[in-house]
Amino acid sequence: MLRLEDLSEWPAKSPSEPTGVAQCCAYHMIDVAAVAEVLLRDYAGGRGFREAMVLLIALHDIGKVSDEFWNMLQRGVPQKYRHWMLSEAILYQNDDLLGRALGSEPRRRQVLYGAVAGHHGRPSDLDLGRLPVRSRSRNDLFRALSCVGSGTEPARQHIKALAALWPEASLEGLSLADTKWLSWWLAGLCTVADWIGSNTNWFPTEPPEHSLANYLVLARSRAVRAVAEAGLGGVRACDGPLFDFSLRPMQQKAAELPLPSGPILAVIEDETGAGKTEAALLLAQRMLLAGKGKGLYFALPTMVTADAMFSRSAEVVGRLFDESPTLTLAHGRAGISKDFLALPDLSAHVASSPDASTCTEWLRNGTRRALLADVGVGTIDQALMAALPVRFQTLRGWGLSSKILIVDEVHEVGEPYMAAQLEALLRAHRAQGGSAILLTATLPLNQRKRLLDTYDGASDDPAYPALTIAGGAVATDLPQETGVRGEVRVARLGTAEDAVHLLVEACGQGAACVWVRNAVDDAIAAVEALRAVGIDAALLHARMALCDRKRVEAAMRARFGKDGRGRAGQVMVGTQVLESSLDLDFDVMVSDLAPMAALVQRAGRLWRHMDCRPAETRPVPAPLLHVVSPDPAEVQDLYWLHGVMGKGAFVYPVSTCWRTARVLFDTGRIIAPSGLRALIEAVHGDGAIDLPDVLVEDEVMQIGDWAAKRGLAGQNIVDFSRGYRDGGRGDDDVDYPTRLGEEQRVLVLARREGSVLRPWAKGDGIEAWTLSEVSARRSLLDQLDLPDQEAPEIQAVIEDWPEWKRREMRLCPVGEHGEICEGLRYSRNTGLIFTATKAATEAK
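Everything in this summary refers to the structure shown in the same document. (Residues numbered from 1 in each chain as written. Predicted model: local features only at pLDDT ≥ 70, side-chain atom pairs only at ≥ 80, totals over all residues. Heavy atoms only, no water.)

Some details on the overall build of the protein chain
Phase 1 of the analysis: Scanning the protein chain from terminus to terminus reveals 37 helices and 22 strands.
Phase 2 of the analysis: Its C-alpha radius of gyration of 29 Å places the protein chain within 12% of the 28 Å reference for a compact globule of 844 residues.
Phase 3 of the analysis: Seen through its C-alpha atoms, the protein chain measures out along the principal axes to roughly 90 × 70 × 60 Å.
Phase 4 of the analysis: Among the 844 residues that make up the protein chain, the fraction classed as buried is 59%.
Phase 5 of the analysis: Across the protein chain, every contact between residues at least 6 apart in sequence was considered, and the portion connecting residues at least 24 apart equals 75%.
Phase 6 of the analysis: Both charge centroids of the protein chain, one from 92 positive and one from 109 negative side chains, sit 3 Å from each other. (Helix = DSSP H or I, 4+ residues; strand = E, 2+ residues; numbered from the N terminus. Rg over C-alpha atoms; globule rule 2.2 N^0.38 Å. Buried < 20%, exposed > 50% of the residue type's maximum accessible area, 1.4 Å probe, protein only. Contact = heavy atoms within 4.5 Å. Lys, Arg positive; Asp, Glu negative; His and termini not counted. Charge placed at Lys NZ, Arg CZ, Asp CG, Glu CD.)

This is the structure:
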């Protein structure tokens, strides 16, 4: 029997003060279990199942009842086995007790022991064998148990005492396959409960004077407050109006289409600017009301698109719920987002404005926690990591499991490596009861087929626009009429010089112009060519410091946005960031030749806001997309693109670009929405047009490359059917990237003030240094003699950097005239420039 006087012998952690009292292990485990109770209070499973989950989570730290942990805590002796590894071994040893408490079969319980023991982000790699234990010689079990030592019997008494607190716990009815899927969810839940239950602001240390039953009463009251203040208290869906405007056709379908029971996947296909986001929100509201989720996660292709969606959604998502939801921004730069940082704290805001979004300090502390809020907005990468064997992958999966997952611009995830991850994520999301909505303007039918298959759906209907629910209703009776903008005519420009001449003429007519280039160096060259003829063009690309990129983006929104001013006769030059990330409106557009899907996206920024700028107010008579491209009728070899495209010739497959040029120039126009499907399928679909013989080799290479990328994804993606213990890894994020591509290196730019280095961005502190970062290809930077990181002025800044940052980043002072080192310079208006070196030659 576990006595009160025995509790203090097994502390969970060191005292917060040298003379203070340590929280005993039993109380800490009850704290964490009480948090789990609150997190599970609205879970649809029966009471027996919920109590089983809580009891298992309570036992997550039973390994602290061991000589190994006690000696580490009290005497500083290094551990041979971490406490969470010992937790699993102790649970194995006491499976007879837990079998009586939980029921089910030993193998099924074993799967769940590994889940709660692995609450520090990865499962144990000890070879503990299978239950029931049959051998004393073949694995690590008995070596681990020898480290428990004198804690063996006290640990057993702790298990008995804790099991008595949840007497109705039961795992009966779960198959082995169900248990393996459950293990991923349970591991994530246990991590969240442990993070909250370990916070001494919510769970202060208590001397062991309460019986465990009485302490559970106290812990439960604290857990309700802790979960609420963390921002995980949850909100209920509200059936009120979301918008104050008349619904467009797709939005009306989203508000009406019947929803099948269970988890669902919906695919919304419509042209750019048709209101797909609003349609998704209307559909998501109905899903929430139908119990298909408790919150939302918007997954966007880039940090820039995520920032834009965050700004758009901050107000409207509050109308989805009956009280203020918590809202987070989930990507690596969220800490410098002014909109995110400006969100009011939940506790201070509810009373004054209950329908607006809030956040909490706890949720702001890390991108992993961001997925736990009622509503998250972030990059698709943050969600995809729930399908990769990285640390705290289960935490991401648990956070997403209660969300309606909304993937915007899903065609951007069509690259084979990312597409395979998304398919795996959707299958896992469905298995954990989650529903999803995918938005796209240019999704090929073959990719749609693979995505629908993740929810056992299928549709070969080529109608466009369309709203398709996997295994359910399909809406295709949507208007085909071209909108107010009308059709977009297409014309070919033979050279970059032709593009410069056209833009000069358009500027003279007072047109707002844009040139979208495929490569950074080509964009820089275009700006230099325009400036040489008197056009002061603005430039935006990814090789600019964050502070300069944000400055340019803000200026472009002010000039070319929906309410832009001073746009007449102005020119913007940029790269792919202009395809979908910024809500801009131009009168004249030039684009380098790119895949059809990309050109359709780019054309969506041409004559965009017709309500603000009707045709009669535009300085040109009609929307016209000018494409810089070689003639598709004249193909001599695989280098067809190179004479015209510069470095941009290496960005996209030549076979895809040729098909795009042939189809687009033969058609001569983009008619949305009725003509989009045919354009996309002719280039990206299974029925794509035939290639010239000299380009077949390129397509064969592309097919091989795509197969290799899907194969690599298959190796990296978690096998959920194996369960968390056998299928999880917990490796570093960098070992399992969500995207493939050439490795980048981050430079942190600095300016000199006397003998001191200051951030390139205005201000001081972490935020200013973060805003001073710029990335470029590592292979190019490694050829240069970058500033010596051992220099005293540089060491004065980086001495406090963590080891990973010192290893991966380089602090680079920028000279008075922009010089960084031989071959590399930086300009606020141009970005990072490779000059006359081998690296510059390769960059071009």
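From this point, things continue past the structure.
Here we look at the sheet that holds strand β13 (residues 588-592)
Phase 1 of the analysis: Reading across the sheet, the 7 strands line up as β11-β12-β10-β13-β14-β9-β15 and stay open at both edges, with mixed pairing between neighbours. Either end of the sheet is taken by a strand with one partner, and the two such strands are β11 (538-540) and β15 (669-670).
Phase 2 of the analysis: Pairing of strand β9 (residues 488-493) with strand β14 (residues 624-628) involves 5 bridges; the strand directions are parallel. By the bridge assignment for β14, Ala491 is matched with His626.
Phase 3 of the analysis: Packing of helix α24 (residues 520-532) onto the sheet brings it into contact with β10 (513-516), β11 and β12 (571-574), and relative to β12 it is tilted by some 155°. (Pairing = 2+ DSSP bridges. Axes fitted to C-alpha atoms, helices over the stretch in contact; angles between N-to-C directions.)

A closer look at empty space enclosed by the protein
Phase 1 of the analysis: Inspection of every chain in the model, using the stated rule, returns 5 cavities of 30 Å³ or more.
Phase 2 of the analysis: Each pocket or cavity is described by its volume, and for the largest cavity that value is around 100 Å³.
Phase 3 of the analysis: Contributing to the lining of the largest cavity are 14 residues, with Ala386, Gly397, Ala428, Gln432 and Phe720 lying nearest its centre.
Phase 4 of the analysis: Elements with a contribution of two residues or more to the lining of the largest cavity: α10 (176-197), α20 (393-401) and α21 (416-431).
Phase 5 of the analysis: Broken down by class, the residue content of the lining of the largest cavity amounts to 8 nonpolar, 6 polar and no charged.
Phase 6 of the analysis: Volume-wise, the second largest cavity comes out at about 70 Å³.
Phase 7 of the analysis: The residue makeup of the lining of the second largest cavity, split by class, is 5 nonpolar, 2 polar and 2 charged. (1 Å grid on protein atoms, 1.4 Å probe; cavity = no way out; pocket = protein on both sides within 12 Å on 5 of 7 lines; lining within 4 Å. Points joined across faces, edges and corners; volume = space filled by probe spheres on them. Nonpolar A, V, L, I, M, F, W, Y, C, P; charged D, E, K, R; others polar.)

Details of the pattern of salt bridges
Phase 1 of the analysis: The tally for this structure, following the rule as stated, stands at 53 salt bridges.
Phase 2 of the analysis: Across the salt bridge formed by Arg677 and Glu269, the nearest N and O atoms sit 2.9 Å from each other. With a gap of 408 residues between them, Arg677 in helix α30 (residues 676-684) and Glu269 in strand β1 (residues 265-269) connect regions that are remote in the sequence. One exposure class covers both Arg677 and Glu269, and it is buried. (Salt bridge = Lys/Arg side-chain N within 4 Å of Asp/Glu carboxyl O.)

What about the packing of aromatic side chains?
Phase 1 of the analysis: Inspection of the entire model under this criterion finds 12 aromatic pairs.
Phase 2 of the analysis: Taking the centre distance of 5.1 Å and the plane angle of 40° together, the rings of Tyr43 and Trp185 count as tilted. In this pair, Tyr43 sits in the loop between α2 (25-39) and α3 (47-58) while Trp185 sits in helix α10, placing the two residues 142 residues apart along the sequence.
Phase 3 of the analysis: Given a relative accessible area of 32%, Tyr43 falls into the partly exposed group.
Phase 4 of the analysis: With relative accessibility at 7%, the residue Trp185 sits in the buried group.
Phase 5 of the analysis: A network of ring pairs unites the aromatic residues Trp181, Trp184, Phe720 and Tyr724 as a single cluster. (Phe/Tyr/Trp six-rings, centres within 6.5 Å; stacked < 30°, edge-to-face > 60°.)

A closer look at the layout of surface pockets
Phase 1 of the analysis: For the second largest pocket, the calculated volume is near 1200 Å³.
Phase 2 of the analysis: For the second largest pocket, the lining is made up of 40 residues, of which Asp42, Tyr43, Lys294, Ser401 and Ser402 are closest to its centre.
Phase 3 of the analysis: Those elements that place two or more of their residues in the lining of the second largest pocket are α2, α10 and α20.
Phase 4 of the analysis: Looking at side-chain class alone, the lining of the second largest pocket contains 20 nonpolar, 12 polar and 8 charged residues.

Structural notes on unusual backbone geometry
Phase 1 of the analysis: Put simply, Tyr464 and Pro465 share a cis peptide bond, and its omega is 0°.
Phase 2 of the analysis: Mapped onto the elements of the fold, Pro465 is located in the loop between α22 (445-453) and β7 (466-469).
Phase 3 of the analysis: Residue Pro673 is reached from Ala672 by a cis peptide bond, and omega for that bond is 5°.
Phase 4 of the analysis: Secondary-structure assignment places Pro673 in the loop between β15 and α30.
Phase 5 of the analysis: Not every positive phi belongs to a glycine, and Ser104 is a case in point at roughly 70°.
Phase 6 of the analysis: Among the secondary structure elements, Ser104 is positioned in the loop between α6 (95-102) and α7 (106-117).
Phase 7 of the analysis: Here Asp456, not a glycine, exhibits a phi torsion of approximately 60°, which is positive.
Phase 8 of the analysis: Position of Asp456 relative to the elements: it lies in the loop between α22 and β7.

Notes on the nonpolar core
One broad trend across soluble globular proteins is that nonpolar side chains are buried collectively.
Phase 1 of the analysis: Among the nonpolar cores identified, the biggest contains 138 residues, and Met53, Ile196, Leu232, Leu296, Phe298 and Ile437 are the most heavily contacted of them.
Phase 2 of the analysis: Top contributing element to this core by residue count: α2, with 12 residues.
Phase 3 of the analysis: Not counting chain neighbours up to four residues away, the residues in contact with Ile196 comprise Val35, Trp202, Phe203, Ala226, Ala230, Leu232 and Trp362.
Phase 4 of the analysis: One finds Ala506, Met556, Val814 and Leu832 within the second-largest nonpolar core, a separate group that totals 106 residues. (Core = buried A, V, L, I, M, F, W, Y, C linked by side-chain atoms within 4.5 Å.)

A closer look at the sheet that holds strand β20 (residues 819-821)
Phase 1 of the analysis: Pairing is antiparallel in the open sheet, where 3 strands are placed in the order β20-β21-β22. Every other strand in the sheet has two partners, leaving β20 and β22 (831-834) as the edge strands with one partner each. On average, each strand axis in the sheet is inclined to that of its neighbour by 25°, with strand direction left out of account.
Phase 2 of the analysis: The pairing of β20 with strand β21 (residues 824-827) spans 2 bridges and is classified as antiparallel. Opposite Cys821, over in β21, you have Leu824 as the bridge partner.

With respect to the side chain of His411
Phase 1 of the analysis: Position of His411 among the secondary structure elements: in the loop between β5 (403-407) and α21.
Phase 2 of the analysis: Exposure remark for His411: the relative accessible area of 12% places this residue in the buried category.
Phase 3 of the analysis: Polar side-chain contacts of His411 include one of 3.0 Å to the side chain of Glu409.
Phase 4 of the analysis: Among residues more than four places away in sequence, those in contact with His411 are Thr440, Ala441, Thr442, Leu443, Gln447 and Gln601. (Polar contact = N/O pair within 3.5 Å; in protein donor to acceptor, adjacent residues only side chain to side chain.)

A look at helix α11 (residues 212-230)
Think of an α-helix as turning once every 3.6 residues; residues three or four places apart then point the same way.
Phase 1 of the analysis: Under the 1.5 Å per step criterion, the end-to-end length of α11 is 25 Å for 19 residues, consistent within 8% with the ideal 27 Å.
Phase 2 of the analysis: Buried residues of α11: Leu212, Tyr215, Leu216, Ala219, Arg222, Ala223, Ala226, Val227 and Ala230, and no others.
Phase 3 of the analysis: The secondary structure elements touched by the buried residues of α11 are α1 (4-7), α2, α9 (152-165), α10 and α17 (361-364).
Phase 4 of the analysis: Residue Gly231 follows α11 closely and has a positive phi angle near 100°. (Expected span 1.5 Å × (residues − 1).)

With respect to helix α8 (residues 141-148)
Phase 1 of the analysis: Those residues of α8 not exposed but buried are Leu141, Ala144, Leu145, Cys147 and Val148. Taken around the axis of α8, the buried residues stretch over an arc of 150°, which confines them to a single face.
Phase 2 of the analysis: If you follow the buried residues of α8, they end up packed against α4 (67-75), α5 (83-93) and α9.
Phase 3 of the analysis: One or two positions beyond α8, positive phi appears at Gly149, with a value near 55°. (Arc of directions from axis to C-beta.)

What to know about the packing of α21 against helix α31 (residues 693-716)
Each pair of packed helices can be summarised by the angle the axes make with each other and by the distance between the axes.
Phase 1 of the analysis: Remark: α21 packs on α31, axes separated minimally by 7 Å, with the N-to-C direction vectors making an angle of 40°. Classed by the angle they form, the pair α21 and α31 counts as oblique. Once α21 is placed against α31, the crossing between them reads as right-handed. Only Trp706, Lys709, Arg710, Leu712, Ala713 and Asn716 of α31 make contact with α21, whose side of the interface consists of Pro416, Tyr417, Ala419, Ala420 and Glu423.
Phase 2 of the analysis: Here the residues of the contact of α21 with α31 are counted per class, giving 7 nonpolar, 1 polar and 3 charged. (Parallel < 35°, antiparallel > 145°, perpendicular 65-115°, else oblique. Left-handed = near helix turned anticlockwise from the far one by under 90°.)

With respect to the packing of α6 against α7
Phase 1 of the analysis: In the contact formed by α6 and α7, the axes pass within 11 Å of each other and the chain directions differ by 100°. If you check the angle between α6 and α7, you find them roughly perpendicular. Contact with α6, carried on its side by Asp95, Leu98, Gly99 and Leu102, involves Pro106, Arg109 and Tyr113 of α7 and no other residues of that element.
Phase 2 of the analysis: Looking at side-chain class alone, the contact of α6 with α7 contains 4 nonpolar, 1 polar and 2 charged residues.

Keep in mind that these numbers describe shape and distance, not what the molecule does.
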